Amino acid sequence: MKKNMGGLDRTVRFVVAAIIAVLYFTGTVSGIFAYVLLALGVIFVLTSFISFCPLYTLFGINSCRKKNS
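Residues numbered from 1 in each chain as written. Predicted model: local features only at pLDDT ≥ 70, side-chain atom pairs only at ≥ 80, totals over all residues. Heavy atoms only, no water.

1. Description of the packing of helix H1 (residues 7-25) against helix H2 (residues 31-50)
Next up, step 1: The interhelical angle for the contact between H1 and H2, taken along N-to-C directions, is 150 degrees, at an axis separation of 8 Å. In this view, H1 runs roughly antiparallel relative to H2, as classed from their interaxial angle. Crossing handedness for the pair H1 and H2: left-handed. Of the residues in H2, those in contact with Arg10, Arg13, Phe14, Val16, Ala17, Ile20 and Tyr24 of H1 are Ala34, Tyr35, Leu37, Leu38, Gly41, Phe44, Val45, Thr47, Ser48 and Phe49.
Next up, step 2: Residues belonging to the contact of H1 with H2 are distributed by class as follows: twelve nonpolar, three polar and two charged. (Axes fitted to C-alpha atoms, helices over the stretch in contact; angles between N-to-C directions. Helix = DSSP H or I, 4+ residues; strand = E, 2+ residues; numbered from the N terminus. Parallel < 35°, antiparallel > 145°, perpendicular 65-115°, else oblique. Left-handed = near helix turned anticlockwise from the far one by under 90°. Contact = heavy atoms within 4.5 Å. Nonpolar A, V, L, I, M, F, W, Y, C, P; charged D, E, K, R; others polar.)

Have a look at this one:
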């Protein structure tokens, strides 16, 4: 897999996942909505760690810095 996520994008996803986790574990969100948000948070953390987003590939988005050749 070729990386397609830049540092800022990865950081934003990780922060959003942390906010979702706090909302879930404090009981602010509950029910099906909580589980959907929790799944989204897990996906955000996983894609942040591997620097690859499959949806970015589908839409042709790349937030990585280009290397000068």
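2. Focus: the pattern of salt bridges
Next up, step 1: Scanning the entire structure with this criterion turns up one salt bridge.
Next up, step 2: Across the pair aspartate 9 and arginine 13 runs a salt bridge, and its minimum N-O distance is 3.6 Å. Of the two residues, aspartate 9 and arginine 13 both sit in helix H1, four residues apart, roughly one turn of that helix.
Next up, step 3: On the basis of relative accessible area, arginine 13 is assigned to the buried category, the value being 10%. (Salt bridge = Lys/Arg side-chain N within 4 Å of Asp/Glu carboxyl O. Buried < 20%, exposed > 50% of the residue type's maximum accessible area, 1.4 Å probe, protein only.)

3. Considerations on H2
The periodicity of an α-helix, 3.6 residues per turn, causes residues three or four positions apart to be oriented the same way.
Next up, step 1: Taking 1.5 Å of rise per residue, the 20 residues of H2 would be expected to cover 28 Å, and the 29 Å separating its terminal C-alpha atoms lies within 8% of that figure.
Next up, step 2: What H2 keeps buried is the set Ala34, Leu37, Gly41, Phe44, Thr47 and Ser48. The buried residues of H2 occupy an angular sector of 155 degrees when projected down its axis, which confines them to one face. Across from the buried face of H2, at angles greater than 90 degrees, the exposed residues are Ile32, Tyr35, Val36, Leu46 and Phe49.
Next up, step 3: Immediately downstream of H2, the backbone of serine 51 shows phi near 60 degrees, a positive value. (Expected span 1.5 Å × (residues − 1). Arc of directions from axis to C-beta.)

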